[in-house]
Amino acid sequence: MMGHKLASSNRDIFEFRRRLAKEGSEFIRMLQYGHRFKGTQKKIGAELELNLVDRSTLRAVCISPEVIKKAAEADYKCIGPELSTFNIELNAPPISIRDGKDKDPLSQLHSSLSTQVGLLRAIAGGNIIPVMHGIWPMIQREDINIRNIYPNPRYRLLHDNCHRSRGGTHRLVINEGERVSIRRLTFMHEAMNTSFQLHLSDDLANIPDIFNMAMLAIPIVLSLSANSPLVFGRHVNDESRIIMLEKSVDFRTKAQVDLRLKRAMFPAAFLDRASEWFLSAMMEEPVLPVIEDTGSYIRPKDCELFNRLPDFRHFFLHLSTVWHWIRPKAVSYTHLRAHETVLDLV
């Protein structure tokens, strides 16, 4: 049967690594020579992550599977899952940007997301509020439980691989502001964080400049949008999402901390070429090894033989597990987008 499977044996994991190396090297080669990345139409899109909150208690409510099922029945494709069952995601369709010839694209984006929030409220019911807040201050320790992970095998695999890569139970003590101690830090703690993510598609040649300008804008944007001081009722710092995201998705052991970069972090350097970021991302340890069956998979080197575009699905899947705050993102074979995750609704 054509499809995919989660790598479970050492042989499967080796095969995933082999395909990742082949696809990654071919993709980076194409980037360096500019193959298939010319003439991309400028577009802007967005993802909005929200918490589902009970109107009367203001506590997080774990009902996203039911909400997403109702949205699918109503053909609302803009509503999708997030890591936990008290989170949900809205996706705004890409909007064209034609050098000022279109109506203000940010206003269009705001209008689109406002409509989607209205649809979400109607589906969720009158007692549920979709909350746009970095870390909702009413999230309790008991909410961060494996029972509340969204029922998707890939989320569970990420959770289990994070635990295994760290070498077992990992304790987190935050001494910034009021002291917070988390006896057993897990991948599920990432579910505390929600964000507003902007996607900007442009020509390959412009991606490094967009990336570098976003890096310069981060300090200003982050200082203006900080709204998450509390972690389990204690004041950590003005924007606690940074440390909670970096720590919860950190797959390194204690011995690897000084040898490998964080999986979620601000960019380490400016870009001269887009391929530089993809090369560094390729070096990250694979944590979501999902193998495509050979019946539907064509190796990059065989594409010309079958008159097909290169197949980079393993490489693209790997890139989706590298959570830098700004990152180029390969959406297809023909265009790139700069992906910025520091913006938050104030």
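Note: the structure precedes this text.
Residues numbered from 1 in each chain as written. Predicted model: local features only at pLDDT ≥ 70, side-chain atom pairs only at ≥ 80, totals over all residues. Heavy atoms only, no water.

Caption draft 1: Seen up close, the packing of helix 2 (residues 64–73) against helix 3 (residues 105–124). Two numbers describe how helix 2 lies on helix 3: the axes approach to 10 Å, and their chain directions differ by 110 degrees. Judged by the angle between their axes, helix 2 and helix 3 are roughly perpendicular. Where helix 2 crosses over helix 3, the two elements pack in a sense that is right-handed. Seen from helix 2, the contacting residues are V67, K70 and A71; seen from helix 3, they are L120, I123 and A124. Grouping the amino acids of the contact of helix 2 with helix 3 by side-chain chemistry returns five nonpolar, no polar and one charged. (Axes fitted to C-alpha atoms, helices over the stretch in contact; angles between N-to-C directions. Helix = DSSP H or I, 4+ residues; strand = E, 2+ residues; numbered from the N terminus. Parallel < 35°, antiparallel > 145°, perpendicular 65-115°, else oblique. Left-handed = near helix turned anticlockwise from the far one by under 90°. Contact = heavy atoms within 4.5 Å. Nonpolar A, V, L, I, M, F, W, Y, C, P; charged D, E, K, R; others polar.)

Caption draft 2: View of the pairing of strand 2 (residues 43–54). Within strand 2, eleven of the twelve residues are buried, leaving the element largely enclosed by the surrounding structure. Both strand 2 and strand 4 (residues 87–96) contribute to a ladder of eight bridges, which runs antiparallel. Across the sheet, K43 pairs through a bridge with S96, a residue of strand 4. For strand 2 and strand 8 (residues 196–202), the ladder comprises six bridges, and the chain directions are antiparallel. By the bridge assignment for strand 8, I44 is matched with L200. Note that strand 2 and strand 5 (residues 128–131) share four bridges and pair antiparallel. Along strand 5, the bridge assignment pairs V53 with I129. (Buried < 20%, exposed > 50% of the residue type's maximum accessible area, 1.4 Å probe, protein only. Pairing = 2+ DSSP bridges.)

Caption draft 3: Spotlight on the packing of aromatic side chains. Under the counting rule described, the total for this entry stands at twelve aromatic pairs. Relative to F312, the ring of F27 has its centre 5.3 Å away and its plane inclined at 80 degrees; by these criteria the two rings are edge-to-face. Note that F27 is positioned in helix 1 (residues 10–33) and F312 in the loop between helix 8 (303–306) and helix 9 (313–319), a separation of 285 residues in sequence. In this pair, the class of F27 matches that of F312, namely buried. Above the plane of the ring of F251 lies R263, whose end atom (NZ or CZ) is 5.4 Å from the centre. (Phe/Tyr/Trp six-rings, centres within 6.5 Å; stacked < 30°, edge-to-face > 60°. Lys NZ or Arg CZ within 6 Å of the ring centre and 35° of its normal.)

Caption draft 4: Molecular detail of the environment of V61. By the element assignment, V61 lies in the loop between strand 2 and helix 2. Taking C-alpha positions, V61 is 9.6 Å from I129, a pair spaced 68 residues apart along the chain.

Caption draft 5: Looking closely at the side chain of E49. Secondary-structure assignment places E49 in strand 2. The side chain of E49 is buried and forms no salt bridge, while R241, the nearest opposite charge, is found at 6.5 Å. Polar contacts involving the side chain of E49 include one to the side chain of Q197, which spans 3.0 Å. In contact with E49, other than residues within four places in its own chain, are E82, I88, E89, N193, T194, S195 and Q197. (Lys, Arg positive; Asp, Glu negative; His and termini not counted. Salt bridge = Lys/Arg side-chain N within 4 Å of Asp/Glu carboxyl O. Polar contact = N/O pair within 3.5 Å; in protein donor to acceptor, adjacent residues only side chain to side chain.)

Caption draft 6: Quick look at the pattern of salt bridges. One pass over the structure, following the stated rule, counts eleven salt bridges. Between D160 and R156 there is a salt bridge; the shortest N-O distance is 3.1 Å. Of the two residues, D160 and R156 both sit in helix 4 (residues 153–165), four residues apart, roughly one turn of that helix. Here D160 falls in the partly exposed class, since its relative accessible area comes to 29%. A residue is classified by how much of its surface remains accessible, and R156, at 41% relative accessible area, is partly exposed. The residue R241 makes a salt bridge to E239 at a minimum N-O spacing of 3.2 Å. Taken as a pair, R241 and E239 share a single burial class, namely buried.

Caption draft 7: A positive patch on the surface, seen in detail. Taken together, the side chains of R141, R171, R179 and R234 present a region of like positive charge at the surface. Topologically, R234 is positioned in strand 10 (residues 234–235). (Patch = residues over 30% accessible without salt bridge, like charges linked within 9 Å, V, L, I, M, F, W, Y side chains within 5 Å. Areas by Shrake-Rupley, 256 points an atom, 1.4 Å probe, with all protein chains shown as cover. Charge placed at Lys NZ, Arg CZ, Asp CG, Glu CD.)

Caption draft 8: The packing of helix 1 against helix 7 (residues 274–282), seen in detail. Remark: helix 1 packs on helix 7, axes separated minimally by 9 Å, with the N-to-C direction vectors making an angle of 170 degrees. Between helix 1 and helix 7, the crossing angle belongs to the class labelled roughly antiparallel. The segment helix 1 lies against helix 7, with L20, A21, G24, S25, F27, I28, L31 and Q32 engaging A274, S275, F278, L279 and M282. Class assignment of the residues belonging to the contact of helix 1 with helix 7 gives a composition of nine nonpolar, four polar and no charged.

Caption draft 9: Spotlight on helix 3. Taking 1.5 Å per residue as the helical rise, helix 3 with its 20 residues ought to reach 28 Å, and the 28 Å between its terminal C-alpha atoms agrees with that figure. Within the sequence span of helix 3, burial applies to P105, L109, S112, L113, Q116, V117, L120, I123 and A124. Within helix 3, the buried residues cover an arc of 140 degrees as seen down the axis, which keeps them to one side. Among the exposed residues of helix 3, those oriented more than 90 degrees off its buried face are H110 and A122. Put simply, D104 is the residue that caps the front of helix 3, since its side-chain oxygen is 3.2 Å from the backbone nitrogen of L106. Just downstream of helix 3, G125 is the residue with a positive phi angle, here 105 degrees. (Expected span 1.5 Å × (residues − 1). Arc of directions from axis to C-beta.)

These figures capture arrangement, not role.
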